Amino acid sequence: MNQNQGGNDARHDDDSALSDFLASLMDYTPTIPDELVEHYLAKSGFQCPDVRLIRLVAVATQKFVAEVASDALQQCKARQSAVVKDKRDKQQKDKRLILTMEDLSKALRECGVNVKHQEYFADSPSTGMDPASRDE
Amino acid sequence: MESETLETLGPSEFSFAITKVAVAQICQSAGFRTAQSSALETITRITTLYLQTLAKSASSRAASSGRTQSNIYDVVHALEHLSSDQGFAGASNPNGCLLASSPLLDLIKFVYSRCEIPFAKPLPRRSNLSQNLPLPQNPSNSKQSPHIPTWLPGFPDPSTYIEPKTEIPSGLNWNAEVEERKHSGNEKEKKSRLGNMELPKKRERVTFRMGEAAEAKGPRLGFRVGMKNGVCRGGKRVSWQNHNLQNSKFKRPR
């Protein structure tokens, strides 16, 4: 799989580091299970007999989702820190960190994904009047 | 996520539900406690699209290099392609070594820094799933037609596509049959069921005259096969399904 053309030590170091990494991947269990990754890979026409590449794709996806989630978390905390009134409220809100569409759309916009969502669903005349007390 | 809900889903919904569980686990490890259902579904959809885009990019890269199976270079290229939106170090250098590209190095750092989060529930192995759905086998195909794979559906009832054999006069014994039909006279012909595929059982006598200026006489129909410098220029093949004795359009004008 690693096609060594011969050559300088730097490339050999890269190759050895990469092969060590791929070997360690077999010990690491990605959150996205292998069967699921294989299903989506087969659906997209990706053929590879090497299990390490499947793990590589799985951890790449996991890293992407983790980045999006952490960006959304930062957005959520930034929004909460602006609304803090006193210490008691802040502790209560820290326990309830909710992944909302607003934070998610802001986090995804950095990745180039435009997600549009409805601001609110009006099922009563008072909907949308007080956003702070609205719960999903 | 209850197991009963998973069993009643279709295949695509099943994989989506599993992905939703995995994505929820990742979000929980990032620090979230709860999530809006619409937000969770959105991020799950983005995850499946990301996974498929990685795979499509890598496989198209391999295909354009003349390979059917992707290797690590294809995957790293796909990673770089998807990271080009946000940018990464070394993106402006096209000659850099692929194995030292920064998306790959970031991925290595990510794996080494995080402790693993295994999936919440054990998934059924693919072999178990295939036992529930037996592939339809057609043993008749394997015996009579070994060139046809057994997983294809069997042929329909032979009476639907095999016509009962009728006498079809062969072209080689044309003269002999014309002699036989001299005694049969004008007989009505049967229209074939399948149109052009089968000649009618009994036909009018047909005479061919090679050469020019051959006129049809009476009920007999004549063809004039055009001759040019002694070489026969054949006419078109015609079907006798709807023939008309008086129809003169079969005569080729010379």
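Residues numbered from 1 in each chain as written. Chains lettered and ligands numbered in written order. Predicted model: local features only at pLDDT ≥ 70, side-chain atom pairs only at ≥ 80, totals over all residues. Heavy atoms only, no water.

The name an unreviewed UniProt entry assigns to chain B is Bromodomain associated domain-containing protein, from the organism Vitis vinifera. Heading Subcellular location (unreviewed entry) of the UniProt record for chain B holds this comment: "Nucleus". (UniProt positions renumbered as here; feature names shortened; annotations may be inferred.)

An unreviewed UniProt entry annotates chain A as Transcription initiation factor TFIID subunit 10 originating from Vitis vinifera. UniProt, in its Function (unreviewed entry) section for chain A, records the words "TAFs are components of the transcription factor IID (TFIID) complex that is essential for mediating regulation of RNA polymerase transcription." Listed under Subcellular location (unreviewed entry) in UniProt, the entry text for chain A is "Nucleus".

Turning our attention to the overall build of chain A. When helices and strands are counted, chain A shows 5 helices and 1 strand. Seen in sequence order, chain A has helices and strands lined up from the N terminus as α-α-α-α-β-α. Per-residue burial over chain A gives 39% buried out of 136 residues. Excluding contacts between residues fewer than 6 apart, the proportion of contacts in chain A whose partners are at least 24 apart in sequence is 53%. Carbon together with sulfur atoms contributes 47% to the accessible area of chain A, which is approximately 8,100 Å² in total. (Helix = DSSP H or I, 4+ residues; strand = E, 2+ residues; numbered from the N terminus. Buried < 20%, exposed > 50% of the residue type's maximum accessible area, 1.4 Å probe, protein only. Contact = heavy atoms within 4.5 Å. Areas by Shrake-Rupley, 256 points an atom, 1.4 Å probe, with all protein chains shown as cover.)

Right, let's get into the environment of Ser59 of chain B. All names here are of chain B. Mapping Ser59 onto the fold places it in helix H3 (residues 37–64). Judged by relative accessible area, which is 13%, Ser59 ranks as buried. Residues Ser59 and Ala78, spaced 19 residues apart in sequence, show a C-alpha to C-alpha distance of 9.0 Å.

The partner chain A presents 64 residues to the 60 residues of chain B that form the contact. Summed over the shared surface of chain B and chain A, the result is 0 salt bridges. In this structure, the connection of chain B to chain A is made through 7 residue pairs in polar contact (both at pLDDT 80 or more). Elements represented by at least two residues in the side of chain B that touches chain A include exactly helix H2 (11–30), strand S1 (34–35), H3, helix H4 (72–83) and helix H5 (102–113) of chain B. Relative to S1 of chain B, strand S1 (residues 98–99) of chain A runs parallel, the two sharing 2 bridges. When the sheet's bridge partners are listed, Leu99 of chain A is paired in S1 of chain B with Ala35 of chain B. (Salt bridge = Lys/Arg side-chain N within 4 Å of Asp/Glu carboxyl O. Polar contact = N/O pair within 3.5 Å; in protein donor to acceptor, adjacent residues only side chain to side chain. Pairing = 2+ DSSP bridges.)

Okay, the nonpolar core next. By size, the foremost hydrophobic cluster in this structure holds 63 residues, and its most contacted members are Leu56 of chain A together with Ile72 of chain B. Elements with a contribution of two residues or more to this core: helix H1 (9–25), helix H2 (34–44), helix H3 (51–83) and helix H5 (101–110) of chain A together with H2, H3, H4 and H5 of chain B. (Core = buried A, V, L, I, M, F, W, Y, C linked by side-chain atoms within 4.5 Å.)

In this section: the packing of aromatic side chains. Within the structure shown, the criterion is met by 2 aromatic pairs over all chains. Centre to centre, the rings of Phe21 of chain A and Tyr112 of chain B are 6.1 Å apart; their planes meet at 85 degrees, and the pair counts as edge-to-face. On the criterion of chain membership, the pair formed by Phe21 of chain A in helix H1 and Tyr112 of chain B in helix H5 is interchain, its members lying in two chains. For the ring pair Phe64 of chain A and Tyr50 of chain B, a centre distance of 4.0 Å and an interplane angle of 5 degrees mean the geometry is stacked. (Phe/Tyr/Trp six-rings, centres within 6.5 Å; stacked < 30°, edge-to-face > 60°.)

A few words on the environment of Leu104 of chain B. Position of Leu104 of chain B among the secondary structure elements: in helix H5. Given the relative accessible area of 0%, Leu104 of chain B is considered buried. Along the backbone, Leu104 of chain B and Leu79 of chain B are 25 residues apart, and their C-alpha atoms lie at a distance of 7.6 Å. Once residues lying within four places of it in the same chain are set aside, the contact partners of Leu104 of chain B are Leu18 and Leu56 of chain A together with Val76, Leu98 and Leu99 of chain B.

We now examine the side chain of Ser70 of chain B. Turning to its location among the elements, Ser70 of chain B is positioned in the loop between H3 and H4. Beyond its immediate sequence surroundings of up to four residues, Ser70 of chain B is in contact with Phe46, Gln47, Cys48 and Leu53 of chain A together with Ala58, Ser59 and Ala62 of chain B.

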